[in-house]
Each structure stands twice: as structure tokens, then as C-alpha cells.
Amino acid sequence: MKEALFYKKLKNKLVQCELCPHNCVIKPGERGKCRVRENQEGKLIALTYGKLATAAIDPIEKKPLYHFHPGEKAFSIATEGCNLACPFCQNHTLSQKPEEGFPVFGEIVTPRDIVDKAEETGCKIIAYTYSEPTIAYEFWLDTMKEAKKRGLLNVWVTNGFINPKPLTLLLPYLDAANIDLKGFSEEAYSMMGGKLKPVLETIKLIHDKVHIEITTLIIPEFNEQDVQDIGKFIANLNPKIPWHISRFFPHYKLKRKDPTPLEIMRKVEKTAHATGVKHIYLGNMGINHKS
Ligand code: SF4
């Protein structure tokens, strides 16, 4: 636990978190929407600090990042929690925890322990992934500083739902990011408990400062119609930004009977190419498919 960065104290021991665009106003004894930042007697406390929920070694391509140190291993870590609530989350057992009122689960470790472990396992990259790294901001910022000092690279796999000020403070320590662009309408984002505009602002802010790749999970009737707008947005920023278009498989609360049909993926692929984005990768097709 650590006092949070980016919050302000209001009257009557209320606090306002300024880390993500929810800007939660939190009463004493309560938590923000991410359930991992708590008002303790008028101070905002980051409950995720020092609580490592999971760690694994993945190929960097699994993040997915295809144009950033291909073939390298990434020491991949996460805490519990997320600031969105996507009904199709593939990592909901981690991202949608802790449940209301429950403590944050995790092995007690320091940033230095994490970097030691990454080095011991021969990883040159640390990936902050599986759940949303933003909500463990203080823990990850310290870990990223330690990693940089020791010559390791830092990668975020993020929903991009973060305020510009904390994002800017992070940039000197960040080497690459895969950012989800899950749709291109406020309606789609409201279904996930978020907003589209701040995600677009995040992408605009960082695309020319660190290496980025974008991921869109295609869910029939939810966002297949947004592919053209997403592609145009990416191409307009830089047509060389890699774009991963993944096939949906039923998960969590979104209990569709079947995965996204392959013919929809092919149609989406054609639409995506027509937008001018140069590097398009279809994922979850059975085999990784470059087009
Ligand atoms: S990080 Fe959590 S507490 Fe802070 S504004 Fe976002 S959801 Fe609310």
C-alpha cells in the first residue's frame, strides 16, 4: 500500500482521484471504480502497491507486439484490478478482482524484486499486462524506474484509459505499448464502462514518442462496423502503426454461442486494408495470419 499519486483532497475528507478519466470522487472508507484505490481517512491509498498477482514469461509477440524486439521474452506481470468492465474480458478473473470490499490479493514484492526476477530469467523486457497497468500506477512507475536503471525495457499492454498528466510522467520510462482500441463509438465504450475520447487522446499523445501497436477484438454486431473508422484513425496518425485484429471467442459475461465467424474476419480484413494501414495482423484465427 502506498499513498496514491494524482489525487486531490476535497472537503469532508473526500478525495478525487485524477489518475484515469473516471476522476472518481471517493468517500472515506470507500474505493474508486477500479476497486483498488481507497480513501483512508482523507488520503487516497493505492492498494495494489507491492501486491504481485501473477508473473509469467511470454514471447513479446504474445502481447501482441510484432515490431518490437521480435523473438525476445517478456517478464509479464500484473496486479488485480481494472478501470473498465468489459463483458468479454479474457482476463476477468484478474481484472475484475478484488470483489467489492475484499482485500487486494498478491505476493508481497518490491520493484527491485521484480527486476531481479526478470534478470534471473533472462528477460530484457518487462511487460505490464493481463490486467490494466494504469490502476497499479505507483507500483509500476517505481518498477519501471528500477528496470530502466538496469538497462531493461518496459512495455505496457493497456486500454489507454488514463489521464494525460500521469501518462506524460510515465513516458521517459516506457519503451512500447500495445493499446486496445475496442470500438469507435461512445456507445461501445459505455458498454465497457468507459469513454472513447480519452483512449484516442492517449494514442495521439504517445504514438510519436514510444513504439505503439493497436489491438481490436472483433465482436459481431458490437464493433465490426467500426473497423473503417478505427483504420482511418490509425492511418491518419501513421499508417505504419501495426494493427492486430483479433477474433473473439466467448468469454465471461458475453455468452455468444460461437466465436466470430471466419468470413466476418475476412470481410473486416478487407475493410482494414482499404483504410491504408500497412501492417495488419489477424489473431486467434487458429494460426497467426499476416496479411
Ligand atoms: S484509477 Fe480507479 S479510483 Fe482513480 S479515477 Fe480511475 S477508476 Fe477511479
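Sequence order sets the numbering: in each chain, residues are counted from 1 along the sequence as written. With pLDDT at 70 or above as the cut-off, local features in this predicted model cover only qualifying residues; side-chain atom pairs require 80 or more to be listed or tallied, and sums for whole chains, interfaces and linings still use all residues. With hydrogens and water set aside, each side-chain value is computed from the structure's full complement of heavy atoms.

### Section: the domain arrangement of the chain
Now for step 1: Domain start and stop positions are those given by an automatic or database domain assignment. Taken as a whole, the chain is organised into domain 1 (2–46) and domain 2 (51–290).
Now for step 2: Computed over C-alpha atoms, the centres of domain 1 and domain 2 are 25 Å apart.
Now for step 3: On the side of domain 2, 29 residues touch domain 1, which itself brings 18 residues to the contact.
Now for step 4: A quick way to say it: buried area is the sum, across both parts, of accessible area lost when two parts are put together, with a 1.4 Å probe. Here domain 1 and domain 2 share an interface that buries about 1,700 Å² over both sides, 57% of which is from carbon and sulfur atoms.
Now for step 5: By the criterion of area lost to domain 2, the three top residues of domain 1 are L19, P21 and R35, representing 36% of everything that side buries.
Now for step 6: Here, a salt bridge means any Lys or Arg side-chain nitrogen found within 4 Å of an Asp or Glu carboxyl oxygen. Summed over the shared surface of domain 1 and domain 2, the number is two salt bridges. For this analysis, residues touch if any pair of their heavy atoms sits within 4.5 Å.

### Here's the deal with the environment of G286
Now for step 1: Helix numbers and strand numbers start at the N terminus; a helix is a DSSP run of H or I with at least 4 residues, a strand a run of E with at least 2. Mapped onto the secondary structure, G286 falls in the loop between β16 (280–283) and β17 (289–290).
Now for step 2: For every residue, the accessible area obtained with a 1.4 Å probe (protein chains only) is divided by the maximum for its type, and the residue is called buried under 20%, exposed over 50%, and partly exposed between those limits. Assessed through its relative accessible area of 77%, G286 is described here as exposed.
Now for step 3: Along the primary structure G286 and E100 are separated by 186 residues, whereas in three dimensions their C-alpha atoms are 37 Å apart.

### Points about the environment of V277
Now for step 1: Structurally, V277 is set in the loop between α8 (262–274) and β16.
Now for step 2: Classification of V277 as buried rests on a relative accessible area of 3%.
Now for step 3: Between the alpha carbons of V277 and F233 there is a distance of 9.4 Å; along the sequence they are 44 residues apart.
Now for step 4: Ignoring any residue separated from it by four or fewer positions in sequence, one finds V277 in contact with G231, I234, A235, P239, I241, W243 and A272.

### Describing the pairing of strand β6 (residues 43–46)
Now for step 1: At least two bridges found by DSSP between two strands is the condition for calling them paired. Here two bridges tie strand β1 (residues 2–3) to β6, and the two strands are oriented antiparallel to one another. Note that in β6 the partner of K2 across the bridge is A46.
Now for step 2: Alignment of strand β5 (residues 37–40) against β6, held across four bridges, turns out to be antiparallel. Pairing of R37 across the sheet is with A46, part of β6.
Now for step 3: What sits between β5 and β6 in their antiparallel hairpin is a turn of two residues, with E41 showing a positive phi close to 50°.

### Some words on the site of the ligand
Now for step 1: A cutoff of 4 Å decides nearness: a residue is near a molecule or strand if any of its heavy atoms lies inside that distance of it. What surrounds the ligand is the set C17, L19, C20, H22, N23, C24, G32, K33, C34 and R37.
Now for step 2: Residue classes follow a fixed rule: Ala, Val, Leu, Ile, Met, Phe, Trp, Tyr, Cys and Pro count as nonpolar, while Asp, Glu, Lys and Arg count as charged, and any other residue, Gly among them, counts as polar. Residue composition of the shell around the ligand, grouped by class: five nonpolar, three polar and two charged.

### Section: the pairing of strand β9 (residues 73–78)
The two faces of a sheet get side chains in turn, since along a regular strand they alternate between them.
Now for step 1: Counting buried residues in β9 gives five out of six residues, a clear majority hidden from the surface.
Now for step 2: When strand β8 (residues 54–59) meets β9, the two strands line up antiparallel, connected through six bridges. Of the residues in β9, the one forming a bridge with P59 is K73.
Now for step 3: Sheet topology places β9 next to strand β11 (residues 125–128); four bridges connect them, and they run parallel. Among the inter-strand pairings, I77 is bridged to a residue of β11, identified as Y128.

### Quick look at the side chain of T202
Now for step 1: Residue placement: T202 occurs in helix α6 (residues 196–206).
Now for step 2: Overall, T202 belongs to the buried group, its relative accessible area being 3%.
Now for step 3: Beyond its immediate stretch of four places on either side in the chain, T202 contacts G160, I162, L167 and I179.

### Some points on unusual backbone geometry
Now for step 1: That bond from K63 to P64 is cis: its omega, -10°, falls within 30 degrees of zero.
Now for step 2: Following the sequence through the fold, P64 ends up in the loop between β8 and β9.
Now for step 3: For the bond running from K97 to P98, omega is -5°, close enough to zero to count as cis.
Now for step 4: Residue placement: P98 occurs in the loop between α1 (92–95) and β10 (107–108).
Now for step 5: For F6, which is not glycine, the phi torsion reads 60° and is therefore positive.
Now for step 6: Looking at where F6 falls in the secondary structure, it is placed in the loop between β1 and β2 (7–9).
Now for step 7: Taking the relative accessible area as the measure of exposure, F6 reaches 18% and is therefore buried.
Now for step 8: Unlike most non-glycine residues, Y130 shows phi in positive territory, near 70°.
Now for step 9: The exposure class assigned to Y130 is partly exposed, which follows from its relative accessible area of 21%.

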